[in-house]
4 protein chains.
Amino acid sequence: MSKGTVVLAYSGGLDTSCILVWLKEQGYDVIAFLANIGQDEDFDEARKKAENLGAKKVFIEDLRAEFVEHFIWPAVQANAVYEDRYLLGTSLARPCISRSLVDVARREKAHFISHGATGKGNDQVRFELTSYALYPEVKAPWSMDANLMHISYESGILEDPKSHAPVDLYLMTKNPEEAPNAPDVLEITFRKGVPVKVTNLKDATSKDAALDIFLYLNEIGGRHGVGRIDIVENRFIGMKSRGIYETPGGTILLQAHLDIETFTMDKEVRRIKQGLSVKFSELVYNGFWYSPECDFVRHCIQKSQENVEGTVQLSVFKGQVYLLGRESPKSLYNEELVSMDKQGDYDPCDASGFIRINAVRLREYHRLQGLSSPKN
Amino acid sequence: MSKGTVVLAYSGGLDTSCILVWLKEQGYDVIAFLANIGQDEDFDEARKKAENLGAKKVFIEDLRAEFVEHFIWPAVQANAVYEDRYLLGTSLARPCISRSLVDVARREKAHFISHGATGKGNDQVRFELTSYALYPEVKAPWSMDANLMHISYESGILEDPKSHAPVDLYLMTKNPEEAPNAPDVLEITFRKGVPVKVTNLKDATSKDAALDIFLYLNEIGGRHGVGRIDIVENRFIGMKSRGIYETPGGTILLQAHLDIETFTMDKEVRRIKQGLSVKFSELVYNGFWYSPECDFVRHCIQKSQENVEGTVQLSVFKGQVYLLGRESPKSLYNEELVSMDKQGDYDPCDASGFIRINAVRLREYHRLQGLSSPKN
Amino acid sequence: MSKGTVVLAYSGGLDTSCILVWLKEQGYDVIAFLANIGQDEDFDEARKKAENLGAKKVFIEDLRAEFVEHFIWPAVQANAVYEDRYLLGTSLARPCISRSLVDVARREKAHFISHGATGKGNDQVRFELTSYALYPEVKAPWSMDANLMHISYESGILEDPKSHAPVDLYLMTKNPEEAPNAPDVLEITFRKGVPVKVTNLKDATSKDAALDIFLYLNEIGGRHGVGRIDIVENRFIGMKSRGIYETPGGTILLQAHLDIETFTMDKEVRRIKQGLSVKFSELVYNGFWYSPECDFVRHCIQKSQENVEGTVQLSVFKGQVYLLGRESPKSLYNEELVSMDKQGDYDPCDASGFIRINAVRLREYHRLQGLSSPKN
Amino acid sequence: MSKGTVVLAYSGGLDTSCILVWLKEQGYDVIAFLANIGQDEDFDEARKKAENLGAKKVFIEDLRAEFVEHFIWPAVQANAVYEDRYLLGTSLARPCISRSLVDVARREKAHFISHGATGKGNDQVRFELTSYALYPEVKAPWSMDANLMHISYESGILEDPKSHAPVDLYLMTKNPEEAPNAPDVLEITFRKGVPVKVTNLKDATSKDAALDIFLYLNEIGGRHGVGRIDIVENRFIGMKSRGIYETPGGTILLQAHLDIETFTMDKEVRRIKQGLSVKFSELVYNGFWYSPECDFVRHCIQKSQENVEGTVQLSVFKGQVYLLGRESPKSLYNEELVSMDKQGDYDPCDASGFIRINAVRLREYHRLQGLSSPKN
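Residues numbered from 1 in each chain as written. Chains lettered and ligands numbered in written order. Predicted model: local features only at pLDDT ≥ 70, side-chain atom pairs only at ≥ 80, totals over all residues. Heavy atoms only, no water.

An unreviewed UniProt entry lists chain A under the name Argininosuccinate synthase, with Salarias fasciatus given as the organism. We quote the UniProt Subcellular location (unreviewed entry) comment for chain A here in full: "Cytoplasm, Cytosol". Under the UniProt heading Catalytic activity (unreviewed entry), the note attached to chain A is "L-citrulline + L-aspartate + ATP = 2-(N(omega)-L-arginino)succinate + AMP + diphosphate + H(+)". (UniProt positions renumbered as here; feature names shortened; annotations may be inferred.)

Just give me the short version of the relation of the copies chain D and chain C, but keep the residues and values in it.
Rotating chain D by 180° about the axis while translating it 0.0 Å along that axis superimposes it on chain C, leaving an RMSD of 0.0 Å. When the rotation and shift are considered jointly, the pair of chain copies conforms to a two-fold rotation axis. (Least-squares fit on C-alpha atoms with pLDDT ≥ 70 in both.)

I'd like a rundown of helix α4 (residues 89-107) of chain C, residues and numbers included.
All names here are of chain C. If you check α4, its first and last C-alpha atoms are 28 Å apart, about what 19 residues at 1.5 Å a residue would give, namely 27 Å. In terms of residue burial, α4 counts as a mostly covered element, since 15 of its 19 residues are buried. Of the residues flanking the end of α4, it is K109, one or two places downstream, whose phi is positive at about 55°. (Helix = DSSP H or I, 4+ residues; strand = E, 2+ residues; numbered from the N terminus. Expected span 1.5 Å × (residues − 1). Buried < 20%, exposed > 50% of the residue type's maximum accessible area, 1.4 Å probe, protein only.)

Break down the interface of chain B and chain A for me, with residues and values.
Contact with chain B, which involves 92 residues of that partner, is made by 92 residues of chain A. In this assembly, chain B and chain A are joined by 10 salt bridges. Between R270 of chain B and D84 of chain A there is a salt bridge, and its shortest N-O distance comes to 3.1 Å. At the junction of chain B with chain A, the criterion picks out 34 residue pairs in polar contact (both at pLDDT 80 or more). Here the element with the most residues in the side of chain B that touches chain A is helix α11 (residues 348-372) of chain B; it accounts for 12 residues. When grouped by side-chain class, the residues that make up the side of chain B that touches chain A number 38 nonpolar, 22 polar and 32 charged. (Contact = heavy atoms within 4.5 Å. Salt bridge = Lys/Arg side-chain N within 4 Å of Asp/Glu carboxyl O. Polar contact = N/O pair within 3.5 Å; in protein donor to acceptor, adjacent residues only side chain to side chain. Nonpolar A, V, L, I, M, F, W, Y, C, P; charged D, E, K, R; others polar.)

For helix α7 (residues 248-264) of chain A, give the residues involved together with the corresponding values.
Because an α-helix completes one turn every 3.6 residues, residues spaced three or four positions apart along the sequence face the same direction. The end-to-end C-alpha distance of α7 of chain A is 25 Å, a good match for the 24 Å that 17 residues give at a rise of 1.5 Å each. Judged by how many residues are buried, α7 of chain A sits mostly within the fold: 16 of 17 residues are covered.

Account for the sheet that holds strand β10 (residues 240-246) of chain B, with residues named and values stated.
All names here are of chain B. Spatial ordering of the open sheet is given by β5-β10-β9, a layout of three strands whose pairing is antiparallel. The sheet is open, and its two edges are formed by β5 (151-153) and β9 (228-234), each paired on a single side. Adjacent strand axes in the sheet meet at a mean angle of 30°, parallel and antiparallel pairs treated alike. Of the strand pairs in this sheet, β9 and β10 are connected by seven bridges, and their pairing is antiparallel. In the strand pairing of β10, I231 is matched with G243. (Pairing = 2+ DSSP bridges. Axes fitted to C-alpha atoms, helices over the stretch in contact; angles between N-to-C directions.)

Could you give an account of the interface of chain D and chain C, with specific residues and numbers?
At the interface, 92 residues of chain D touch 93 residues of chain C. Summed over both sides, the interface between chain D and chain C buries roughly 8,700 Å², with carbon and sulfur atoms accounting for 57% of that surface. Linking chain D with chain C are 10 salt bridges, by the criterion used here. Where chain D packs against chain C, one counts 34 residue pairs in polar contact (both at pLDDT 80 or more). Its residues assigned to classes, the side of chain D that touches chain C shows 38 nonpolar, 22 polar and 32 charged. (Buried area = accessible area lost by both parts, 1.4 Å probe.)

Now the structure itself:
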């Protein structure tokens with residue numbers, strides 16, 4: 001008699017195949033669940049393999065568009081970067097997969113969920129926190145780390161932080177040394193802080209669906225070797241680890257969004273939003289996508305994006321993204337005001353008053369210092 | 001009879017030459033002051049010109065080493081970046097120059113100071129705030145914007161934010177498209193968060209004095225086209241402006257320092273320090289280097305750098321900096337702890353407890369949501 | 001011939017009466033504008049006086065309900081306190097009055113606005129910033145500082161920060177030494193973070209309109225001497241000033257709201273919101289109510305209040321507010337979970353895992369310290 | 001044969017007496033450790049009891065002065081308050097006791113440590129994190145919650161958040177209704193942000209040793225019913241709990257320190273320090289006193305206190321503390337500058353320039369809004 005039904009997050013790889021067999025041997029009915037989040041995988045092959053190993057059912061879900069629209073777009077709006085460098089490719093995919101897995105489990109009335117994440121990484125936390133938030137039962141680990149946003153690499157010789165990454169490691173991006181000798185120039189249009197159109201000015205290729213835009217940016221970024229980083233990062237559980245990531249499309253979007261945002265957003269709103277973005281990045285990294293605080297922060301960030309609208313031109317070349325120009329109907333940039341040649345609406349005397357008032361405090365401070373140290 | 005002595009921040013250019021003549025015509029004795037902060041200038045020529053125009057004295061001060069050690073190094077320790085992109089090359093030079101100018105004025109018992117910064121930019125604020133803080137009298141404008149840290153460009157056709165920068169604009173960096181086809185690989189050693197040695201692994205060139213290190217990084221970064229940005233930024237006085245900057249050495253150091261810092265600094269200290277760095281960058285940008293709050297923040301940041309020590313290897317190629325590896329006697333990275341293959345001192349069951357405790361709050365929240373929305 | 005029409009913010013007092021006469025003498029048509037924000041004033045008398053002095057029209061606007069609902073309520077939601085102590089009674093009234101004044105000016109097609117705030121205080125900034133934001137022309141000063149939220153006192157002997165305030169200074173609150181010897185016990189009900197009902201459990205008095213609630217809390221707080229503070233504060237323009245305030249109703253509401261908020265709001269949401277509240281208080285103090293960043297922060301704070309609902313019991317006695325108990329249908333408090341006597345859903349072993357994971361980082365840190373200092 | 005030596009944090013109460021007996025029965029040698037942190041306890045009696053129950057040794061350590069100087073004083077400097085209300089009396093005592101306990105264990109070469117904190121509260125975390133940081137072995141629970149800083153009450157009928165606290169609950173403070181009908185007036189002198197002298201102006205009582213100062217403030221505060229709070233708070237482990245605290249001396253010091261700090265500290269330094277204080281309070285509450293980040297934050301806060309010096313006068317009456325006046329040789333308050341009657345060094349025209357520059361941004365924003373909504 002069956003001990004119950006387990007939904008297994010199945011990757012097609014060795015680890016989760018072993019788990020599948022072991023679960024069956026322990027007396028469970030196993031439903032294999034494969035999320036298509038853009039990793040390079042033969043899904044038909046994986047389905048057959050799971051069936052051969054004894055899975056009662058196999059579900060393969062194409063989550064790519066959902067991943068882009070509901071997880072990557074909010075990160076773009078936030079300029080989400082963990083510890084100043086990591087673009088959160090894995091962290092964003094985990095809650096997307098987990099939510100879908102939980103849906104399957106609930107639909108199939110499964111009693112257990114099994115993932116393949118090891119007990120030493122962040123992914124166990126991200127996976128299990130989501131499950132606790134959305135559904136009560138859970139069991140552990142996978143190590144898939146490729147999706148349409150990025151590929152990450154860790155362990156093996158990379159565990160020695162001073163050893164260089166092998167040249168042939170990367171799968172999504174070309175080696176910049178072998179990238180084309182001429183740039184591609186892109187025009188990206190944003191509305192409410194998310195890209196709604198990308199056009200390649202060289203060949204007039206144009207995309208306007210979310211998934212298409214992102215895949216196309218991956219293609220262009222990958223071709224030019226954009227978005228490789230080699231970093232040491234701090235895991236939620238308090239240890240440092242070394243990771244290598246390639247995030248071609250995400251890197252282009254980060255630069256483009258930063259630019260259009262600064263162009264259209266009030267300076268002080270931007271400052272407050274910048275603090276919320278640091279928070280957002282930490283929450284996502286730590287696995288708290290489905291939490292009241294992440295809901296709240298996402299809501300606030302989204303509010304800040306209402307006027308983030310316009311078009312950015314940039315070139316992509318040998319691993320680098322160069323901003324070339326920008327325009328927007330919502331810009332707060334006032335060419336006349338800023339011009340050195342025109343007076344505009346601006347009275348230079350006001351600046352003197354502004355400075356003197358700002359100096360009131362500084363003068364008091366230095367006056368006091370003079371009093372307290374007689375030599376000064 | 002003289003109306004008094006003015007120390008004029010003289011650049012050798014047209015603007016400040018006119019000011020010099022005008023001040024003399026008004027009846028002032030003029031002392032010309034030229035700061036050498038690494039800009040490309042024929043100082044002998046400038047001295048002659050000032051004398052010919054009637055300057056009573058001419059002082060030329062080589063502030064390059066002081067600029068690197070007392071202004072750029074603290075910025076490196078802070079990972080100082082304004083609005084996520086600008087490395088503050090002008091903002092850091094201003095207080096360095098102003099302090100020296102004030103010293104000359106005090107030494108020469110001058111009654112007035114004159115600079116050449118226009119009333120529309122940040123530099124007026126930076127210059128005058130420093131002077132108010134350090135010395136009482138002041139009057140306005142210059143537009144020198146080259147120093148050993150960076151060159152900045154604004155106004156003219158750049159005032160239209162969508163027009164691209166001319167290809168031949170840049171002076172410090174090569175066009176990445178024309179940069180060498182092979183990278184340089186550097187090894188940079190830090191102590192207390194500042195670079196103490198740089199070695200080029202290709203030709204064994206090595207530098208260990210502060211100014212030499214910085215100039216050498218400029219040379220390498222410049223050769224490979226590193227550190228060009230084209231941004232719209234928010235000035236202190238509330239208007240947006242478009243600026244183009246090239247900061248080759250500073251860009252390499254930012255990447256290298258970020259890496260060695262994350263490698264050696266505790267995660268939570270880093271988080272707090274990150275907030276202080278954002279503050280530091282704003283203060284410097286706004287001209288508040290000589291303020292009690294900037295003193296305080298600099299002190300705190302410096303404290304955080306005590307263990308930031310070690311060596312980073314990186315390659316520089318076609319406009320980009322790639323981290324390759326790092327090592328440190330003070331690292332908090334524990335290879336055994338992080339390894340997927342070794343158990344180390346880490347019990348996977350602890351992670352389960354950790355996650356369940358983190359989920360206590362989330363479960364309550366979702367329980368409440370269930371209560372309040374009956375369909376859920 | 002008239003030089004144009006001026007709308008004068010008229011207080012009925014000596015200062016603004018003089019300004020009225022002077023403006024007429026200069027050849028302006030003067031419209032006197034009196035805002036009723038709950039100050040103790042004979043408005044009929046003031047109207048007559050203005051007419052006698054030559055005002056062409058007199059407008060008296062009862063802004064009390066608007067002041068409570070649109071300005072005080074958001075501050076209650078924010079727990080708005082400037083520099084840990086000041087409840088912002090004046091700062092909140094200024095934008096309320098200025099908006100109304102601007103409306104009158106626009107309606108009457110006036111060319112100028114005149115207020116009576118001095119050039120040394122915050123009020124000039126608050127008044128004029130609002131006017132610049134909402135309407136183009138303006139001129140200066142008043143010193144009314146009483147409204148239904150608070151009365152503030154400054155200048156005169158209070159300018160010496162060590163001199164005590166005269167016993168008979170206060171107008172809204174009784175001296176606590178002479179307050180009743182028995183407390184009043186109130187029950188305050190909140191919805192979305194604002195009070196919707198107050199009941200006095202002693203005599204069953206009950207109020208449920210916004211203005212009535214606030215006035216009643218003032219009455220009770222005033223009777224018991226609640227909400228007096230004597231502080232030194234930092235003005236926007238960088239000088240320190242000493243202020244004495246009495247804010248009876250506001251003080252009761254701050255305590256009550258803090259309590260119901262912590263009871264119903266998720267811990268981490270609260271932390272983020274606490275940071276936004278500090279920002280909100282600064283913005284309001286500095287006169288930036290009508291700014292993009294204050295709009296943004298108000299929106300975010302309001303979002304955080306969705307579940308801030310429930311009833312608080314408190315007693316008011318001799319200058320102090322004591323929380324007695326609270327209940328809420330939206331509470332995240334789980335009596336079973338927190339109980340020492342019941343196990344609930346909580347496994348004590350999880351806490352051990354949680355702690356050990358939190359200690360991973362600390363152990364590494366102390367291990368490193370041991371390495372670097374051999375004596376340790 | 002003994003299984004090893006355990007140092008037990010012994011309180012003299014029933015819980016830890018049971019643990020002592022149980023540990024002996026299991027075959028351990030037990031060393032009883034009693035920390036005197038100012039709780040109301042007959043220590044001789046407790047020593048006898050421990051010996052009678054079979055403790056091999058009994059250590060009683062008077063930690064009161066250390067507690068005040070090394071734990072309470074930094075909290076005073078920080079204005080440490082958790083979630084806007086709780087003064088951290090228990091949180092501060094835990095690391096003080098734990099450190100001493102670890103010292104005893106190390107000296108006595110004990111293999112185990114046992115405390116009596118339950119697995120549901122914060123104290124287990126605080127105790128065990130400290131032990132992990134400072135020494136490797138540990139086991140659980142106590143519930144002592146009285147010390148010289150405060151007494152806290154929880155559980156029992158208090159677990160129902162709407163039930164009122166019993167009138168006879170409090171031990172350190174008099175019921176304000178029964179407190180004296182005349183205030184005490186105190187003068188407290190600070191140096192580097194900590195109190196160095198307190199004088200009662202009524203009877204000239206004066207104290208100048210740290211422990212004496214704190215105990216005297218407790219006595220005065222207790223006599224007048226100062227420092228009672230009834231709150232719901234968020235525990236580190238994610239549940240809400242209700243706590244009742246009385247912290248008489250700490251409450252007086254918080255008010256006094258806030259006042260002298262604002263009087264002497266630069267406005268912008270204060271703002272940055274305020275953020276660090278919120279962080280400090282969280283760290284202490286969560287048990288991270290001995291962590292790199294708490295070390296760092298304490299260092300920064302201490303730096304900010306260098307000029308926090310001067311004398312505050314206040315009265316204490318019926319549960320409330322009233323600031324009366326303050327003076328300081330280091331004050332940044334400039335009576336002449338702030339005066340309404342004197343012009344001082346301040347030019348009112350500067351304020352107009354200051355305001356117009358601040359409005360540049362607001363005008364652009366409203367201009368844009370006008371463009372985008374044609375009705376406006």
